[in-house]
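Observations on the three-dimensional arrangement
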Amino acid sequence: MSDAAVLSNAQLNKRILSVIVFTFFCYLSVGLPLAVLPGFVHNQLGFSSFIAGLIISLQYFATLLSRPHSGRLADRYGPKRVVMMGLVFCGMSGVLSIIAALCSDMPLLSLALLAAGRLFLGVGESFSSTGSTLWGMNIVGPLQTARVISWNGVATYFAMAIGAPLGVLLNQWFGISGFAGLVAIMGVAGFWMASRKAGVSVTAGVRIPFHRVVSRVWMFGLALGFGTIGFGVISTFITLYFASRDWSGAAFALTLFSLGFVIVRLGFGRYITRFGGLKVALVSFVLECAGLLLIWQADSIWLVDLGAFLTGGGFSLVFPALGVEAVKRVQQQDQGSALGTYSAFLDLGLGLTGPVAGLLIGHWGMQSVYLAAALMVLGAFAITLRLHQQHGRQTAAQAL
């Protein structure tokens, strides 16, 4: 019996949180600039809104491209080293942002420094979050994979939720150097904390080629990507949706979405281990789809609020439920590659939501994006149902 098998829930959570704290540092670094940098680029440097948006998007592209590599490096060199590298990259983004603020009288140079910082932050995000998750999985064992991924998600969304308003406050008090300085400090502090923690041994064994890892997890990732669109259209467009109908209270709808997410993640996360990730994902997609359809057809604010709450609750367990099943498809020495590849579909889903939804709004109006998102979630349900049926046939064949 492994050491992790005899630990209490509190002891397991303590072990997990000791490494998931690095995910929190990472995503707080991601959240802090979100509400500040576009205004700095547009209003102070004098560039267009398109350029301001592009500066923000650079981070997402860097994260998407580096996700699979972060997992492969964690498999080869260990998650501790990858987390430390990621925290250095996050810290460098803060340093470059400080220098960019000091060079604001040279707009092109300042913009180039900000762009470099965003690229560093994107790579730092993929390295820190993937490495932290894999580190947690290693220190508590494979039976607790769902618990690790669930706590990682809580750290992610909590950090993002407080990051944006905190970034605005720090910018008001100290300018760009306020939030950027905190990012740099967290990079240094996180690196020091990670360096003092015991690493985990790299699992020996023959690693399969990367394309075979992709072939085993891509359907799980595709379902995740489709399911993520519900989150994307609410977080990005709910404010515009309220404004288009001359309603107030969009912030409360976002709060209810987050509340639904946290309640389900903390209250029902254990059901992934109890019933299996695929069954939990199927129920989650039904709930998320119902919430999106409710928003699409809502004729009052309270129905939108209810829809946002249901969507948040439905989306909450999608990532850990499918993630648990995805990493089962490979041996332990390839789990980092599997996790990184799987996570990249979340980045892809969020990256495509904005421009595609923008086109839909232009042709069919604001409400159409919620119908489209519901249809995408139905697609995720169909993919997951197929995976569940395949798993059932494999289990039946093994029993013969």
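Within each chain, residues carry numbers counting from 1 in the order of the written sequence. Since the coordinates come from a predicted model, pLDDT governs what is reported: local features require at least 70, and pairs of side-chain atoms require 80 or more to be given and counted, while whole-chain, interface and lining totals use all residues. The side-chain numbers reported here are obtained from all heavy atoms of the structure, hydrogens and water having been left aside.

With that settled, consider the pattern of salt bridges. Take a side-chain nitrogen of Lys or Arg and a carboxyl oxygen of Asp or Glu: if they are within 4 Å of each other, that pair is a salt bridge. Applying the stated criterion to the full structure yields three salt bridges. Linking R67 and E125 is a salt bridge whose minimum nitrogen-to-oxygen distance equals 3.7 Å. On the criterion of sequence distance, the pair formed by R67 in helix α3 (residues 49–77) and E125 in helix α5 (residues 107–140) is long-range, its members being 58 residues apart. Side by side, R67 and E125 carry an identical accessibility label, which is buried. One salt bridge connects E325 with K328, and the closest N-O pair in it is separated by 3.6 Å. Taken as a pair, E325 and K328 lie in helix α13 (residues 318–328) at a separation of three residues, close to a single helical turn. Helix numbering and strand numbering both begin at the N terminus, where a helix is a DSSP run of H or I of at least 4 residues and a strand a DSSP run of E of at least 2. We call a residue buried when its accessible area falls under 20% of the maximum for its residue type, exposed when it is over 50%, and partly exposed in between, using a 1.4 Å probe and counting protein chains only.

Looking now at the confidence of the model for the protein. Looking at the protein, pLDDT values average 86 and 95% of them are 70 or higher. Confidence of the predictor in every single residue is expressed as pLDDT, which spans 0 to 100. The least confident element of the protein is helix α14 (residues 335–364), whose mean pLDDT is 79; the most confident is helix α11 (residues 277–297), at 96.

On to the packing of helix α2 (residues 37–44) against α5. As a rule, the C-alpha atoms of each element are fitted with a line to give its axis, helices using only the stretch in contact, and angles between N-to-C directions run from 0 to 180 degrees. Where α2 meets α5, the axes come as close as 12 Å, and the angle between the chain directions of the two elements is 165 degrees. Comparing the axis directions of α2 and α5 gives the class roughly antiparallel. Of the two elements, α2 crosses α5, and the hand of that crossing is left-handed. Where α2 approaches α5, its residues L37, F40 and V41 are matched on the opposing element by S110, L111, L114 and R118. Counted by class, the contact of α2 with α5 contains five nonpolar, one polar and one charged residues. Relative orientations are named as follows: roughly parallel for angles under 35 degrees, roughly antiparallel for angles over 145 degrees, roughly perpendicular for angles from 65 to 115 degrees, and oblique for any other angle. By the definition used in this description, the sense in which the near helix is turned from the far one sets the handedness, with an anticlockwise turn below a right angle giving left-handed and a clockwise turn giving right-handed. Residue contacts are counted whenever heavy atoms from the two residues lie within 4.5 Å of one another. Here the term charged refers only to Asp, Glu, Lys and Arg, the term nonpolar to Ala, Val, Leu, Ile, Met, Phe, Trp, Tyr, Cys and Pro, and the term polar to all other amino acids, Gly among them.

Right, let's get into the nonpolar core. Within the largest apolar cluster, 55 residues are counted, with the highest numbers of intra-cluster contacts made by V233, I234, I238, Y241, L292, L322 and Y370. Broken down by secondary-structure element, the contributors of at least two residues to this core are α6 (145–174), α8 (210–244), α9 (250–268), α11, α12 (301–316), α13, α14 and α15 (368–399). If we ignore the near neighbours within four places in the chain, the residues touching I234 are L254, F257, L292, I295, A308, T311 and Y370. By nonpolar core we mean a set of buried residues, namely Ala, Val, Leu, Ile, Met, Phe, Trp, Tyr and Cys, connected to one another through side-chain atoms within 4.5 Å. L12, F40, V140 and A155 belong to the second-largest nonpolar core, a separate cluster that totals 53 residues.

Buried and open spaces are told apart on a 1 Å grid over the protein atoms alone, a cavity being a set of points where a 1.4 Å probe fits but cannot get out and a pocket being an open set with protein on both sides within 12 Å along at least five of seven lines. Residues with an atom within 4 Å of a point are the lining residues. Grid points are joined across faces, edges and corners, and a volume is the space filled by probe spheres set on the points. Under the definition given, this model contains two cavities of 30 Å³ or more. Computed from the structure, the second largest cavity encloses a volume of approximately 60 Å³. Listed by contribution, the elements that provide at least two residues to the lining of the second largest cavity are α4 (79–102), α5 and α7 (176–196). Considering every element that reaches the lining of the second largest cavity, the biggest residue donor is α5, with four residues. Of the residues assigned to the lining of the second largest cavity, the class counts are six nonpolar, four polar and one charged.

This part covers α9. The span you would expect from a helix comes to 1.5 Å times its residue count less one. For α9, built from 19 residues, the straight-helix expectation of 27 Å at 1.5 Å per residue is met to within 8% by its first-to-last C-alpha distance of 27 Å. Listing the buried residues of α9 in full gives A250, A253, L256, F257, G260, F261, V264 and R265. Taken down its axis, α9 places every buried residue within 160 degrees of arc, on the same side. Residues of α9 that are exposed and point more than 90 degrees away from the buried face comprise A251 and L266. Of the surrounding elements, those touching the buried residues of α9 are α6, α8, α12 and α13. Within this analysis, the arc is defined by the directions that extend from the helix axis to the C-beta atoms.

Further remarks concern the side chain of S66. Tracing the backbone shows S66 in helix α3. Within the structure, the side chain of S66 is placed 2.6 Å from the side chain of S126, a separation counted as a polar contact. Discounting residues that sit within four places of it in the chain, S66 has contacts with G122, V123, S126 and F127. Side-chain atoms alone can form a polar contact between residues adjacent in sequence; in general such a contact is a pair of N or O atoms within 3.5 Å, and within protein one must be able to donate a hydrogen while the other accepts it.

To count toward a patch, a residue needs a relative accessible area above 30% and no salt bridge. Like charges then connect within 9 Å, nonpolar side chains (Val, Leu, Ile, Met, Phe, Trp, Tyr) within 5 Å. The Shrake-Rupley method, run with a 1.4 Å probe, gives the accessible areas here. Residue values count only the displayed protein chains as cover. A surface patch of nonpolar side chains, amounting to about 350 Å² of accessible area, comprises V88, M92, V95, I99 and F191. Here the element with the most residues in the nonpolar patch is α4; it accounts for four residues. Residue classification places V95 among the partly exposed positions, given a relative accessible area of 34%.

Among all residues except glycine, the phi angle is most often negative; among peptide bonds, the trans geometry is most common. For D246, which is not glycine, the phi torsion reads 55 degrees and is therefore positive. Tracing the sequence through the fold places D246 in the loop between α8 and α9.

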